[in-house]
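Here is how the chains run, residue by residue.
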Amino acid sequence: MGNAAAGDSAAELLLRAAALVPPAHYALAALLLACALLYRFLELHLIGDLLRGLRGGRVALTFHPASHVYHRVASKCRSLHGRYLATPWLASPHLQTLFLSISGRPPSFTYRRQLYTVRDGGTIALDWLLASDCEEEDVGFCDGVISRDDSTPLVVVIPGLTSDSTAAYVKHLVFSMASKGWNVVVGNHRGLGGISITSDCFYNAGWTEDFREIVNYLHQKYPQAPLFAVGTSIGANILVKYLGEEGEGTPVAGAVSICSPWDLLVTNRFIQRKLVQRCYDKALAIGLKGYAKLHQPVLARLANWEDIRKSRSIREFDRHATCVVAKYETVDTFYRRCSSANYISNVSVPLLCISALDDPLCTREAIPWDECRANKNIVLATAPNGGHLAFFQGLTAGKLWWVGAVSEFLLALHDSPCMHRQKAQEHSLHTSLESSIDKSPYVNFMEDGMVTAVTNDDANNSDSDNPISNEMELRNGMVGVQQDGIATEIQNECDGNRSQENVTPAQGPVGSQEQPKQNIDKIQDAIAPVKISINQLIRSQGRSVWLLTYIAFVTSWPFLGALGFILFRKKFRNSLPAKRGSVRDLANVKLLWRGRDGSGSTHGYPH
């Protein structure tokens, strides 16, 4: 009873003490607790910036120690070797990303539009901003094209998911590069930029065909202009994947990747992990459904429209739309095959990759650190803050830090010897080989491995006359033989003979050497097709030729041995009596010596 009374009195005392606290203090404590939770939820870093004296976080660079791209290009970029300080009132990756999507404060200008039709009938909007547009109107631009001989550098920009040339970050980049005296063109994705879908093909995170065709078109149209590329978000994934697919064969001189997702599977799982990331997932799914609604007549014919309309996440949209249209087995298969991280090792173009470690969409867990470090052509720049494609700086948030870094890198790359140049195709052939190929008969490899001769008349016949159509093409100093879609190349093996022919003899009259040299040329011209045929047969058949040779030797040596015995048997028999006669004569001589003295001695000679 006494303990209970004491307990009750203690509780009453506690309540009385709490009642004495003014309500304003409780309100202040609740406000502080809410601010702490909000600070944690929004991932604010203002306090950390204040503790660092508003200096910002240092940009970390990852590169190969022997990288010429770093030592000759990136080392000259002040932005990459400094610090990045976010706008104080946007000191959060979520606030930066939200402000970029709502406003972004882009510069004001007008594009010049060019419609380009790709091979499958799709239409792509190319939005141009020329360097002359920032100075004078209608200078150097006529009906949507620039001069063919113009050597002004040209930058191709690939927007992100559901974005086009009107996005704020795209306009920041385009205006910055045009102000530096470069021509810029934005390659909008299919169905975006106010253009309808004109084929049964839609773009996705791994669709590189449109960008490949645009790059080839621009390179052929303006061969004197160095070609550069900048990809943002999903556009960065497309760009890096394209560079890995092309390797040395791309005409792109340099590239920049901004906030790439790198690994689509890891990124998709990341945006489904936390509450704030799931909000981004739903927001992007709404954007994708809006894009699909613009082209509902075409998409409803290719996939189930009701499933697409009910999609609540990116993964569901990809399952019901992307995988069906692009014919992927599963969503994970689509993500794995289209992730640019799988193609980094084959990138042969100077490439700057910029990412923020606090990116709310593209997690740092997907960044391929080791792969970037192993490739001498890649420099990876990571900032501790920046959000997704934002990187606002200054009190007014009027600039994007990564835009300045891209400008510095591309300008330094253009002035350096590190620019990638598409390897020239070698078309030179030796005269002997050219003469043997240009004249009939041609060598034709049939499906059964037989080698036949084809005359000029046969070569000119249509495929309907010859059901087994084989083509011999002369390209890049090699003879390509194509059979049933499998191309095999024969390396020209006359180099050694040709080099020997070009050696001038040190002795002997010139007249006496001309005739042998001409004879040698004629012999080589005659045997060149045979050598090529043999080499091709060996390469096409592989081990089977040597296996057949071995079998033929093993199975034929008994017959060869029997044949040799029959041919040389008579000679062998004739040699035997001669040997026997010589032995008999030696015995007679022995007996003759013994018979002279009737004894066994031979006058001092031993037996």
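Check the entry above for the structure.
Bear in mind the structure is a predicted one, so any value in this text is a computation, not a measurement. (Residues numbered from 1 in each chain as written. Predicted model: local features only at pLDDT ≥ 70, side-chain atom pairs only at ≥ 80, totals over all residues. Heavy atoms only, no water.)

## Concerning the overall build of the chain
- Helix and strand content of the chain: 21 helices and 18 strands.
- Split into buried and exposed, the 607 residues of the chain put 43% on the buried side.
- Residue pairs at least 24 apart in sequence account for 73% of intrachain contacts in the chain once pairs closer than 6 positions are excluded. (Helix = DSSP H or I, 4+ residues; strand = E, 2+ residues; numbered from the N terminus. Buried < 20%, exposed > 50% of the residue type's maximum accessible area, 1.4 Å probe, protein only. Contact = heavy atoms within 4.5 Å.)

## Considerations on the state of the cysteines
- Within the structure shown, the criterion is met by zero disulfides.
- Cys323 takes part in no disulfide bond, and the closest cysteine sulfur to it belongs to Cys338, at a distance of 8.9 Å. (Disulfide = S-S within 2.5 Å.)

## Brief notes about the packing of aromatic side chains
- Under the defined criterion, the tally for this structure stands at 16 aromatic pairs.
- Residues Tyr328 and Phe334 carry aromatic rings whose centres are separated by 5.1 Å and whose planes lie at 55° to one another, so their mutual orientation is tilted. Each of the two residues, Tyr328 as well as Phe334, counts as buried.
- Through a chain of ring-to-ring contacts, three or more aromatic side chains come together here, namely Tyr84, Phe391 and Trp401.
- The residue whose ring lies beneath Lys171 is Phe109, and the NZ or CZ to ring-centre distance is 5.0 Å. (Phe/Tyr/Trp six-rings, centres within 6.5 Å; stacked < 30°, edge-to-face > 60°. Lys NZ or Arg CZ within 6 Å of the ring centre and 35° of its normal.)

## Description of helix H14 (residues 331–338)
- Within H14, six of the eight residues are buried, leaving the element largely enclosed by the surrounding structure.
- Check the buried side of H14 and you find it contacts helix H8 (234–246), helix H9 (264–270) and helix H13 (314–326).

## Digging into the layout of surface pockets
- Here the largest pocket is characterised by a volume of approximately 1200 Å³.
- Secondary-structure elements contributing two or more residues to the lining of the largest pocket are helix H5 (93–102), helix H6 (168–179), H9, helix H10 (275–294), H13 and H14.
- Of the residues in the lining of the largest pocket, the class split is 33 nonpolar, 14 polar and two charged. (1 Å grid on protein atoms, 1.4 Å probe; cavity = no way out; pocket = protein on both sides within 12 Å on 5 of 7 lines; lining within 4 Å. Points joined across faces, edges and corners; volume = space filled by probe spheres on them. Nonpolar A, V, L, I, M, F, W, Y, C, P; charged D, E, K, R; others polar.)

## A look at the sheet that holds strand S5 (residues 123–129)
- Read across the sheet, nine strands follow the order S2-S11-S10-S9-S8-S6-S7-S5-S4 without closing on themselves; strand pairing throughout is mixed. The two strands at the open ends of the sheet, each matched to only one other strand, are strand S2 (60–63) and strand S4 (112–117). Neighbour-to-neighbour, the strand axes of the sheet open up by a mean angle of 20°, direction not taken into account.
- Relative to S5, S4 runs antiparallel, the two being bridged by six bridges. When the bridges of S5 are listed, Thr117 appears paired with Thr123.
- Set on the sheet, H6 makes contact with S5, strand S6 (154–158), strand S7 (183–187) and strand S8 (227–232); between it and S7 the angle comes to about 155°.
- In this fold helix H7 (residues 209–221) packs onto S4, S5, S6, S7, S8 and strand S9 (252–258), with an angle of close to 50° to the strand it touches most, S5. (Pairing = 2+ DSSP bridges. Axes fitted to C-alpha atoms, helices over the stretch in contact; angles between N-to-C directions.)

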